Amino acid sequence: MEIDKAIRECDDRRLKTKYNNAIYVIKRALALYPVQEVALSFNGGKDSTVLLHLLRAGCFLHQAEEFSSGGDAADGGKTFPIRTIYFESPSAFPEINSFTYEAASIYDIQMDIIRLDFKSGLEALLKANPIRAIFLGVRIGDPTAVGQEQFSPSSPGWPPFMRVNPILDWSYRDVWAFLLVSKVRYCSLYDQGYTSIGSIHDTVPNALLCTRNSDISEEKFKPAYLLADGRLERAGRAKKNSSAVCGKLSSTSNGLKMENLNSGSMLTASIITVGDEILFGTVEDKLGSVLCKKLHSIGWAVSRVTVTRNDIDSVAEEVERQQSRDDMVFIYGGIGPLHSDVTVAGVAKAFGVRMAPDEEFEEHLRHLIGEKCSGDKNEMALLPEGITELLHHEQLPVPLIKCHNVIILTATNAVELDRQWDCLIELAKSNGILELMDPFVSKCFATTLSDVEVAQPLSKLCAQFPDLYIGGYRESREGPLIITFEGKDLSRIEAASQSLCQKFHPGAFSKIK
């Protein structure tokens with residue numbers, strides 16, 4: 001069977017694992033229910049397309065095992081024995097309808113066309129046919145996936161049937177890896193920048209795939225499989241009320257604010273340090289200030305730096321609070337096999353997902369610590385299910401962990417942080433993990449003037465230059481007052497500092513950097 005052969009011959013170990021798990025679920029369902037009593041809900045989208053071909057492979061392998069004929073029991077996957085349901089909607093994209101009917105013709109699919117709403121259509125279909133289980137292309141992260149397992153009975157108030165979710169734990173990356181490795185057809189909209197397709201009323205191309213030509217009026221989009229960050233898959237689910245798709249979006253994707261991600265707007269980050277030893281005063285956190293400088297060097301404003309306890313609930317509450325406020329959250333500390341290392345579990349709880357084994361990450365750990373990768377150490381391979389993206393770099397023995405807009409750093413000192421940051425920036429340049437913007441620049445002046453003398457002029461400057469951060473601090477109460485000007489436009493900083501100096505006698509301020 002061509003699908004099974006393509007996956008087994010590829011070099012993608014993660015994809016093979018996902019494929020094998022999905023095939024196991026399919027074969028298990030076919031063992032529990034006669035093929036006449038199962039159905040596939042197909043909508044023409046990428047997830048449904050993956051599921052269609054997994055079912056083709058699963059049916060073939062199930063029949064081959066059943067008849068113990070090494071594949072002679074089926075006809076090579078040319079026919080599709082499972083009843084398929086398609087809910088045709090007047091608000092569907094014409095390309096979705098065309099692709100659906102084309103797939104039905106190519107794979108000889110017995111398709112029931114339903115023109116009612118989903119619930120009413122299911123009630124009518126199940127009343128007329130003895131369907132006991134329906135295969136769905138639901139993935140964790142989908143709005144309908146909350147609380148579902150690979151086998152989940154239908155919700156109360158719905159007609160009774162078993163929901164079978166073979167790709168529940170698949171990521172955006174897994175879906176496209178399967179489609180590209182298998183070389184199967186998919187809806188043409190995905191080659192036009194659409195990454196998650198709803199109706200014609202609420203779906204636009206994903207702005208993160210937009211490329212501008214020299215002619216600003218012309219917009220082009222890269223294919224969906226080039227979206228670097230799978231958590232932004234649904235960023236195109238926005239009302240078509242804007243004339244510029246590549247411009248400002250008002251949508252929100254998984255808690256990440258999507259306004260002006262491709263423009264020069266201000267992006268904010270927060271930093272969370274996990275460690276009881278810091279709160280007890282046993283050790284001093286030396287990474288927070290270093291990370292702030294690094295974020296400023298790529299144009300990001302740090303909104304807050306917090307320290308939280310080595311406690312799952314404390315970490316989860318802090319992550320949940322910060323990830324909804326800021327564009328990116330960096331968290332470090334509490335990474336490892338000790339009972340107090342709860343950072344990853346806290347991130348999982350913040351997003352409401354389970355911890356699950358990650359075979360790819362476990363392989364990295366085994367390579368790093370050898371046969372010691374067992375017991376508590378092996379638990380380090382448990383990662384937040386369905387939302388984890390591993391950030392690989394040849395200079396990192398173990399990839400960094402990214403969950404939606406949270407990046408988990410494993411650095412414990414400045415040297416390690418420098419290495420991980422350099423790798424992160426290289427990755428950002430190639431796949432857009434972080435938006436790299438114009439760096440912040442600053443000027444500092446020292447003065448022996450009192451706080452009272454400079455307070456009012458500084459307040460007026462803040463109103464006159466709202467784009468700058470203007471402040472003051474003392475390293476000691478008896479020492480000089482340090483006035484700081486920070487922003488992204490050096491000429492504005494120069495103008496603000498000159499304006500301040502002109503308000504006082506010459507020599508009142510001395511530049512220190």
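About the cut-offs
- Residues numbered from 1 in each chain as written.
- Predicted model: local features only at pLDDT ≥ 70, side-chain atom pairs only at ≥ 80, totals over all residues.
- Heavy atoms only, no water.
- Helix = DSSP H or I, 4+ residues; strand = E, 2+ residues; numbered from the N terminus.
- Buried < 20%, exposed > 50% of the residue type's maximum accessible area, 1.4 Å probe, protein only.
- Polar contact = N/O pair within 3.5 Å; in protein donor to acceptor, adjacent residues only side chain to side chain.
- Contact = heavy atoms within 4.5 Å.
- Core = buried A, V, L, I, M, F, W, Y, C linked by side-chain atoms within 4.5 Å.
- Pairing = 2+ DSSP bridges.
- Axes fitted to C-alpha atoms, helices over the stretch in contact; angles between N-to-C directions.
- Salt bridge = Lys/Arg side-chain N within 4 Å of Asp/Glu carboxyl O.

Bringing the side chain of Gln 322 into the picture now. Tracing the backbone through its elements, the reader meets Gln 322 in helix H9 (residues 312-325). Owing to a relative accessible area of 1%, Gln 322 belongs among the buried residues under this scheme. Within polar-contact distance, the side chain of Gln 322 engages the side chain of Arg 304 at 3.4 Å. In contact with Gln 322, not counting residues within four places along its chain, are Ser 270, Ile 272, Arg 304, Thr 306 and Val 329.

Ranked by size, the top nonpolar core spans 60 residues in total, and within it Tyr 19, Leu 40, Leu 54, Ile 82, Phe 135, Trp 170 and Phe 178 carry the most contacts. Setting aside anything within four residues of it in sequence, one finds Phe 178 in contact with Ile 3, Ile 7, Leu 15, Tyr 19, Val 50, His 53, Leu 54 and Trp 170. Residues Leu 122, Val 315, Val 319 and Phe 351 belong to the second largest nonpolar core, which totals 40 residues.

Looking now at the sheet that holds strand S18 (residues 406-409). Pairing within the open sheet is mixed, and its 6 strands lie in the order S12-S11-S13-S18-S17-S16. This sheet does not close on itself; its edge strands, each paired only once, are strand S12 (300-308) and strand S16 (388-391). Here the average twist between neighbouring strands, direction ignored, is 20°. Here S16 runs beside strand S17 (residues 400-403); their pairing, made up of 4 bridges, is antiparallel. By the bridge assignment, Glu 389 is partnered in S17 with Lys 402. Lying on the sheet, helix H12 (residues 414-431) is in contact with strand S13 (328-332), S16, S17 and S18; it crosses S18 at an angle near 145°.

Here strand S11 (residues 267-274) lies mainly inside the structure; 8 of its 8 residues are buried. The alternating pattern of S11 places Leu 267, Ala 269, Ile 271 and Thr 273 on one face and Thr 268, Ser 270, Ile 272 and Val 274 on the opposite face, and all of these are buried. Where S11 and S12 come together, 8 bridges link them in parallel fashion. Bridging across to S12, Val 274 finds its partner in Thr 308. Judged from the 5 bridges that link them, S11 and S13 form a sheet pairing that is parallel.

We now examine the pattern of salt bridges. According to the stated counting rule, one finds 27 salt bridges in the structure shown. Asp 451 is paired through a salt bridge with Arg 474; the nearest N and O atoms lie 2.5 Å apart. Remark: Arg 474 occurs in strand S20 (residues 469-474) and Asp 451 occurs in helix H13 (residues 451-464); sequence separation between them is 23 residues. Several salt bridges share partner residues, and in doing so they unite Asp 12, Arg 14, Arg 173 and Asp 174 into one network.

In this section: the environment of Ile 3. Here Ile 3 lies in helix H1 (residues 2-9). The exposure class assigned to Ile 3 is buried, which follows from its relative accessible area of 0%. As a C-alpha pair, Ile 3 and Arg 56 span 53 residues in sequence and 8.2 Å in three-dimensional space. Non-local contacts of Ile 3, meaning those with residues more than four positions away in its chain, are made with Tyr 19, His 53, Arg 56, Ala 57, Phe 178, Ser 182 and Val 184.

With respect to topology, 6 strands assemble into an open sheet ordered S3-S2-S1-S4-S6-S5, the strand pairing being mixed. The two strands at the open ends of the sheet, each matched to only one other strand, are strand S3 (109-114) and strand S5 (151-153). Averaged over neighbouring strand pairs, the angle between their axes works out to 30° when direction is ignored. Judged from the 3 bridges that link them, S5 and strand S6 (residues 162-164) form a sheet pairing that is antiparallel. Opposite Pro 153, over in S6, you have Met 162 as the bridge partner. The strands touched by helix H3 (residues 46-67) are strand S1 (38-41), strand S2 (80-87), S3 and strand S4 (133-135); relative to S2, the strand with the most contacts, the crossing angle is about 160°. Strands S2 and S3 of the sheet are contacted by helix H4 (residues 94-106), whose axis makes an angle of about 145° with S3.

Of all 11 residues in helix H6 (residues 172-182), 8 are buried, a share of seventy percent or more. All buried positions along H6 are accounted for by Tyr 172, Asp 174, Val 175, Trp 176, Ala 177, Phe 178, Leu 179 and Ser 182. On its buried face, H6 sits against H1, helix H2 (13-32) and H3.

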